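Listed below, chain by chain, are the residues.
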Amino acid sequence: MLVLLGFAMIAVFMVLIMTKKLTPVLALIIVPTVFGLFAGAGLGIGDMVMDSMKSMTSTAALLMFAIIYFGLMIDVGLFDPLVRFILRKLGNDPAKVVLGTALLAAAVSLDGDGSTTFILTTAAMLPIYLRLKMSPVVLTCVAGLANGTMNIVPWGGPTARAASALKIDVNEVFVPMIPSLAAGLAVVLVFAWVLGLQERNRLRATQPEIWGVPDTAEAFDGGTPAAGTGSGTFRSGAGRKGNNPGGAAPAVDGSAGSSVAVLERTETLVDEDHTAMAGTALDPNRTTLRPKLQWFNLALTVAVMGMLIADLVPLPYVFMVGSAIALLVNFPDVKDQAAQIVAHAPSIVAVVSMVMAAAVLTGVLTGTGMVEAMSAWLVQIIPSSMGPLMAVITGLLSIPMTFFMSNDAFYFGVLPVLSETAAHYGISGAEMARASITGQPFHMQSPLVPAILLLVSLAKVDLGDHHKKVLWRAAVVSLVMLGIGVLTGAIGIG
């Protein structure tokens, strides 16, 4: 009964948020409450949720002050030069922008912290997406895929958990998985490029006055006008070229058998005064800019990131102190300090409320015994004849199981049981640990992962919309990583 209720609860939750019948916060509260009562939790359900919420408080504090800190850094202009550099390199081509998003997210993910990755990636790329009128869901999809794939680095968490649970060296788990990691990143970049091409085509179809409508004889070639120019280029079917002064609407050549269509975006993103960013979070004329403190803010951010990587002090405290110093130096006036905190309140409320609501789901899953029952059932249904495939089966199970439960629950509760069974078929603990981390690209999209809640909140994307676009792609990346692991011998078959 607990197994059925557990899977049913998860299924109902996913359906409700993906069909937008309920917001994620409401679904995280209402659905577990109803199923918890059916499971016989009674009045004890409150204690289950409170126990779970206690473990979430440090995460909520981390996200709250991380949002304040990086929000301040955006306001004072720390990331403006980076964004202008990216704009100049990527131009106006949506395909290049999406590919750049994937590369940026993967690079920043090297610090092993999903929240930091999503904050920096969103800060740098979201204004570009909004300016180009691209879908922010594409941003969250690509960033989530890149970060999930990079999440298997030894300092990222899952690899260390798997190694600790099976009492083996972490390098023994990670190093043989480097080919799988490379293959996973390659798939992510392919997905990013395809999504970028789709965005390019969508914009061309929905905004012909800006992007132009190519004729059937010519395909969009990805070229863009140089940054800083005020004109777009158009071509005729006969191959003649001309200029469209001032970025006017596409012209049509009246000559027989040919048409003229603007093939490049006629608006510009970057000009000498950067006026194209007016009205965005990177408005060059915003009153919060502190150009004279640019180097101080950069040094402070490097120090915060250094403390994050060194892990000498609890991360929530690092961001608390960092936010306090940033506010004090950049906004000495008390009223300005208060205004800055209030300015970022909507993002804070959106993220912290989802983190606290997620405590209801995890509390009910754990408190009622659903997680334990689901894990035991999955182990029992594996026939003995499939014993030699236990590593592959573990990799497949890691995809849904790490999505529906925490990494701690899977690596410390389920993996040891599966590994003990696999040992009878000559499969080592290291192979089982390697297989178990291949589900991380899918795991990182779970509503139980605070970082992904932060990502969709900062990008103002509905979690259900994010899941529709990202889940099947994340599953493909995980399967590719598992397959490459088998092919290279990192994940053996007994």
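Thresholds applied
- Every residue gets a number counted from 1 within its own chain, in the order that chain's sequence is written.
- Per-residue local features are limited, in this predicted model, to residues with pLDDT of at least 70; the limit for side-chain atom pairs, both in listing and counting, is 80 or more; totals at the level of whole chains, interfaces and linings are taken over all residues.
- Hydrogens and water molecules were not included; the side-chain quantities draw on all heavy atoms of the structure.
- Helix and strand assignments follow DSSP, with helices taken as H or I runs no shorter than four residues and strands as E runs no shorter than two, numbered in order from the N terminus.
- Here a polar contact means two N or O atoms within 3.5 Å. Within protein one must be a hydrogen donor candidate and the other an acceptor candidate, and residues neighboring in sequence count only if both atoms are side-chain atoms.
- By definition, residues are in contact when any of their heavy atoms lie within 4.5 Å.
- Within this analysis, patches are made of residues with over 30% relative accessible area and no salt bridge. Like charges are joined at 9 Å or less; nonpolar side chains (Val, Leu, Ile, Met, Phe, Trp, Tyr) at 5 Å or less.
- Note that accessible areas follow from Shrake-Rupley with a 1.4 Å probe, and for residues the cover is restricted to the protein chains shown.
- What makes a salt bridge here is a side-chain nitrogen of Lys or Arg within 4 Å of a carboxyl oxygen of Asp or Glu, nothing more.
- Only protein chains enter the calculation, and the probe is 1.4 Å; a residue is then buried if its accessible area is under 20% of its type maximum, exposed if over 50%, and partly exposed in between.

It is worth spelling out the side chain of Thr-368 at this point. For Thr-368, the position within the fold is in the loop between helix H15 (345–367) and helix H16 (370–380). A polar side-chain atom of Thr-368 sits 2.5 Å from the main-chain carbonyl oxygen of Val-364. Beyond its immediate sequence surroundings of up to four residues, Thr-368 is in contact with Leu-2, Gly-36, Ala-39, Ala-41, Met-48 and Gly-363.

Attention now moves to a nonpolar patch on the surface. Taken together, the side chains of Phe-296, Tyr-317, Met-320, Val-321, Ile-325, Leu-328 and Val-329 present a nonpolar region at the surface, about 570 Å² in accessible area. Take the nonpolar patch: its biggest share by element is 6 residues, from helix H13 (residues 315–330). By secondary structure assignment, the location of Ile-325 is in helix H13. Overall, Ile-325 belongs to the partly exposed group, its relative accessible area being 32%.

This next bit is on the pattern of salt bridges. In the structure shown here, the tally under the stated rule is 2 salt bridges. Here Arg-200 ties to Asp-93 by a salt bridge, and the two come within 2.8 Å at their closest N and O atoms. Note that Arg-200 is positioned in helix H10 (residues 178–206) and Asp-93 in the loop between helix H4 (80–90) and helix H5 (94–108), a separation of 107 residues in sequence. The salt bridge partner of Arg-202 is Glu-199, with a shortest N-O separation of 2.9 Å. Taken as a pair, Arg-202 and Glu-199 lie in helix H10 at a separation of 3 residues, close to a single helical turn. We classify Arg-202 as partly exposed; its relative accessible area is 31%. Here Glu-199 falls in the buried class, since its relative accessible area comes to 6%.

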